[in-house]
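# Topology and contacts: notes
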Amino acid sequence: AGPVRLWVRTEPFLVGALPAPPPARLSPHYLRKAAAYARARADQGCFPRLSWRSWRHIACGKLLLSPDIAWLYFELYRGLRGLAPPLRLRWAEAEASCTSAEELEWERSKARARPKAGGAPTPPKGEPGLRQFLLFLYVQQFHNVSLRRSLLGDEWPSPRTKSPSLSEKSAIGNKNWDDKEHLAFVQSHLLDILELLLEPEQLSASSHSSCSSLVSLEAVCALSFLLEGTVCNSGTVRPLHKLALRQPCHGHNGYSMGSRTFSLPKLESWLRSSLAANPLGITVCLKAGKTLTWAQQGEGTSRRARIACSARVVPEVSPLVIMSHVYKQTLAKSSDTLVGAHVRIYRCNESFIYLLSPLRSVTIEKCRNSTFVLGPVEISVHVQSCDNVKVIVVCHRLSLSSTKGCTFHILTPTQPLILSGNQEVTFAPFHTHYPMLEDHMAQVGLATLPNYWDSPMLVCRDSGDTSVFRLLPPSDFYTFVIPFEMEGDTTETPGGLPQEYQEVLRQREQKVQVWHHMVKKAELSWDQRKQLQAVVENKFYEWLVQTGNRQQLDSLVPPDLDSKQAAG
């Protein structure tokens, strides 16, 4: 038996922490009050599993959150639970069949905050649904400027007078990808986190612990939502509670087999001494991850382009793929390396990037004048500090912060989240397909309905003006063709197009048919046809140059025949 090494799990912070300051009423103080309130109402569906109806009552009636924000956090947590795709599809079908707000509310009332599948198995007594949900809400403090000031000042960040330039640091910063920040957060607030999980009788009148407080086994099971580790670097990753229950650890963490509890002081000390850097995190990926040669280094392109991938050490941990500094290139990939991966695309300019595999999450940060075509994304796509980018994706959730002049062609079962600092956002219907698209959607549990592409939620106060976004006018709408051959059965855009956009395409097609009829009716000679063809080709070339589409076509041609991409 060797020493235990623990680390902070990546997903609760990477995709679980909403990249915006939380409402003031989600501070640790109020979370402790909410925990006590819920425990006292176990017979009303509050504990150990928290129903949506009970959470709505607590969130809206006690914490004074709006119903939309209450559902946002509940649904965000639900998306982290690793649910099977068939269950996700059944939920989507049930929600899409609702014809009124009352029906939708009744359907949502069936949902409970159950524990994450695989992350923390159900302990012998009860389920840690409420406990894990409280931890999830506590993690939202990750983007708070100061926990001590969480009860003071505005509930949301102050309005921004201008969008930051791409060279400036975002007001919030993208800490979600920084595993050192994850570790520092847990170390700094470990006692708060443990107190949040204590039974009421273990707390003083001021809702704090004492040196005699005991932590239940169920609470440590819930803490596996945040922590995991190995024994003596064995390579086998185990959730926290399984490591804590090992006999050699009992003397260090104060576990009593008789009472099935841990001594709080000893448990805290053991956790602090065992916590270390995440060996599966982004820092290790950048330093020691596999470098992929997907991006071609042709003449005129940046030599700084880099794509790195973490090793698939264990099946339970999603791999990380990080690509940066791709410049004036077209990068296209459908690869096992990407399947189920968390992808970060950073500082890519004037490029066209196609990642045509089912993905876990995608972050696009500090990119300019580029187009991103993504395979279905199971959890979330977050776009931050980008200028004039186009994103085409089927995803469970889309969120934006500090973007300017960006367009999003999306199919999503949740409202897009407009966070702080955005300008000139355009939403449009998803308008493309590739042969494996519907198969990939099924793999991650995404359906064509419901589809809230045109119903964004303005989350932050500085985004309160609805003029920050618009819906693409049908007159400006064109379909998008993915210029690669693949095997598969999808031959059209899943779910079709909204009627007004479909009508514009029909009218354009009609004009083309009229043009062909006019040319045919004119009975031009061979020389005249040749002359007309030359004029049309010249006009088309001018259009390619003016719109920037020439670069996209040129970049589809490899710089030389010897250029080969890695299999990945």
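Residues numbered from 1 in each chain as written. Predicted model: local features only at pLDDT ≥ 70, side-chain atom pairs only at ≥ 80, totals over all residues. Heavy atoms only, no water.

If you check an unreviewed UniProt entry, the protein appears there as TBCC domain-containing protein 1 from Setophaga kirtlandii. Here the protein is described in UniProt, under the heading Sequence similarities (unreviewed entry), as follows: "Belongs to the TBCC family." (UniProt positions renumbered as here; feature names shortened; annotations may be inferred.)

Moving on, we get to the overall build of the protein. Counting its secondary structure elements, the protein contains 18 helices and 24 strands. A burial count over the protein gives 53% of its 568 residues as buried. In the protein, 60% of the contacts between residues at least 6 apart in sequence involve partners at least 24 apart. For the protein, the accessible area works out to roughly 26300 Å², and carbon and sulfur atoms hold 51% of it. (Helix = DSSP H or I, 4+ residues; strand = E, 2+ residues; numbered from the N terminus. Buried < 20%, exposed > 50% of the residue type's maximum accessible area, 1.4 Å probe, protein only. Contact = heavy atoms within 4.5 Å. Areas by Shrake-Rupley, 256 points an atom, 1.4 Å probe, with all protein chains shown as cover.)

Applying the stated criterion across every chain, the model contains 20 aromatic pairs. Taking the centre distance of 5.7 Å and the plane angle of 65° together, the rings of phenylalanine 74 and phenylalanine 133 count as edge-to-face. One end of the pair, phenylalanine 74, is in helix α4 (residues 67-79); the other, phenylalanine 133, is in helix α7 (residues 129-139), with 59 residues separating them in the sequence. With relative accessibility at 1%, the residue phenylalanine 74 sits in the buried group. Centre to centre, the rings of tyrosine 77 and phenylalanine 225 are 6.2 Å apart; their planes meet at 55°, and the pair counts as tilted. Taken together, the positions of tyrosine 77 in helix α4 and phenylalanine 225 in the loop between α10 (217-223) and β5 (227-231) put the pair 148 residues apart, joining distant regions of the chain. Residue classification places tyrosine 77 among the buried positions, given a relative accessible area of 1%. Relative accessible area serves as the criterion here: at 3%, phenylalanine 225 is assigned to the buried category. Through a chain of ring-to-ring contacts, the aromatic side chains of Trp52, Trp55, Trp71, Phe74, Tyr77, Phe133, Phe136 and Phe225 assemble into a single cluster. It is arginine 78 that lies over the ring of tryptophan 91; its NZ or CZ is 3.9 Å from the centre. (Phe/Tyr/Trp six-rings, centres within 6.5 Å; stacked < 30°, edge-to-face > 60°. Lys NZ or Arg CZ within 6 Å of the ring centre and 35° of its normal.)

Let us now look at unusual backbone geometry. The omega angle of the peptide bond from phenylalanine 47 to proline 48 is 5°, so this bond is cis rather than trans. Relative to the helices and strands, proline 48 is located in the loop between α2 (28-39) and β2 (50-51). Here the amide bond leading from leucine 449 into proline 450 is cis, since omega sits at -5°, within 30 degrees of zero. Look at arginine 347: it is not a glycine, yet its phi comes out positive at around 50°. Since its relative accessible area comes to 29%, arginine 347 is described here as partly exposed. Phi is positive for glutamate 350, which is not a glycine, with a value near 50°. Structurally, glutamate 350 is set in the loop between β13 (342-346) and β14 (352-355). Exposure remark for glutamate 350: the relative accessible area of 26% places this residue in the partly exposed category.

An order of β1-β5-β6 is seen for the 3 strands of this open sheet, with the pairing classed as antiparallel. Bordering the open sheet on either side are β1 (4-8) and β6 (238-239), each of which pairs with just one other strand. Against the sheet, helix α13 (residues 264-274) touches β1 and β5, its axis set at about 85° to β1. (Pairing = 2+ DSSP bridges. Axes fitted to C-alpha atoms, helices over the stretch in contact; angles between N-to-C directions.)

A cluster of acidic residues, Glu438, Asp439, Asp489 and Glu492, forms a negative patch at the surface. Residue classification places aspartate 439 among the partly exposed positions, given a relative accessible area of 36%. (Patch = residues over 30% accessible without salt bridge, like charges linked within 9 Å, V, L, I, M, F, W, Y side chains within 5 Å. Salt bridge = Lys/Arg side-chain N within 4 Å of Asp/Glu carboxyl O. Lys, Arg positive; Asp, Glu negative; His and termini not counted. Charge placed at Lys NZ, Arg CZ, Asp CG, Glu CD.)

Let's shift gears to the sheet that holds strand β8 (residues 261-263). Within a sheet, adjacent strands bond to each other through the backbone by hydrogen bonds, running parallel or antiparallel. What the 3 strands build is an open sheet, ordered β4-β8-β7; its pairing is antiparallel. This sheet does not close on itself; its edge strands, each paired only once, are β4 (214-216) and β7 (255-256). Where β7 meets β8, 2 bridges bridge the pair, whose relative direction is antiparallel. By the bridge assignment, serine 256 is partnered in β8 with threonine 261. In this fold α13 packs onto β4 and β8, with an angle of close to 75° to the strand it touches most, β8.

Counting residues in each nonpolar core, the largest one holds 87 residues, and the members touching the most others are Trp55, Phe136, Leu223, Leu226, Leu227, Trp270 and Leu271. In this structure tryptophan 270 touches Val4, Leu6, Leu240, Leu243, Ala244, Cys249, His252 and Asn253, once residues within four positions along its chain are discounted. By size, the runner-up hydrophobic cluster in this structure holds 46 residues, among which are Met323, Leu359, Leu400 and Phe408. (Core = buried A, V, L, I, M, F, W, Y, C linked by side-chain atoms within 4.5 Å.)

Moving on, we come to the pattern of salt bridges. Per the counting criterion, the structure on display carries 14 salt bridges. Here glutamate 105 and arginine 56 are joined by a salt bridge, their closest N and O atoms 3.1 Å apart. Of this pair, glutamate 105 sits in helix α6 (residues 101-108) while arginine 56 is found in helix α3 (residues 52-62), placing the two residues 49 residues apart along the sequence. Put simply, glutamate 365 and arginine 344 hold a salt bridge, and the shortest N to O gap is 2.6 Å. Here the residue glutamate 365 occupies a position in strand β15 (residues 359-365), and arginine 344 occupies one in strand β13, the gap between them amounting to 21 residues. For glutamate 365, a relative accessible area of 5% puts it in the buried group. On the basis of relative accessible area, arginine 344 is assigned to the buried category, the value being 14%.

Moving on, we come to the confidence of the model for the protein. Confidence along the protein averages 85 in pLDDT terms, with 85% of residues attaining 70 or more. The low-confidence segment residues 117-128, where pLDDT is below 50, has 26 contacts with residues more than four positions distant or belonging to other chains. Here residues 561-568 scores under 50 on pLDDT; set against residues more than four positions off or in separate chains, the count is 17 contacts. (pLDDT = per-residue confidence, 0-100.)

Since one α-helical turn is 3.6 residues long, residues separated by three or four positions face the same way. Taken together, the buried positions of helix α8 (residues 179-188) are Asp179, His182, Leu183, Phe185 and Val186. Projected down its long axis, α8 carries its buried residues within an arc of 160°, all on one side. Facing away from the buried side of α8 by over 90 degrees, the exposed positions are Lys180 and Ser188. Buried residues along α8 sit in contact with β1, α1 (11-14), α7, α9 (190-196), β5 and α14 (282-288). The N-terminus of α8 is capped by aspartate 178, whose side-chain oxygen sits 3.0 Å from the backbone nitrogen of lysine 180. (Arc of directions from axis to C-beta. Polar contact = N/O pair within 3.5 Å; in protein donor to acceptor, adjacent residues only side chain to side chain.)

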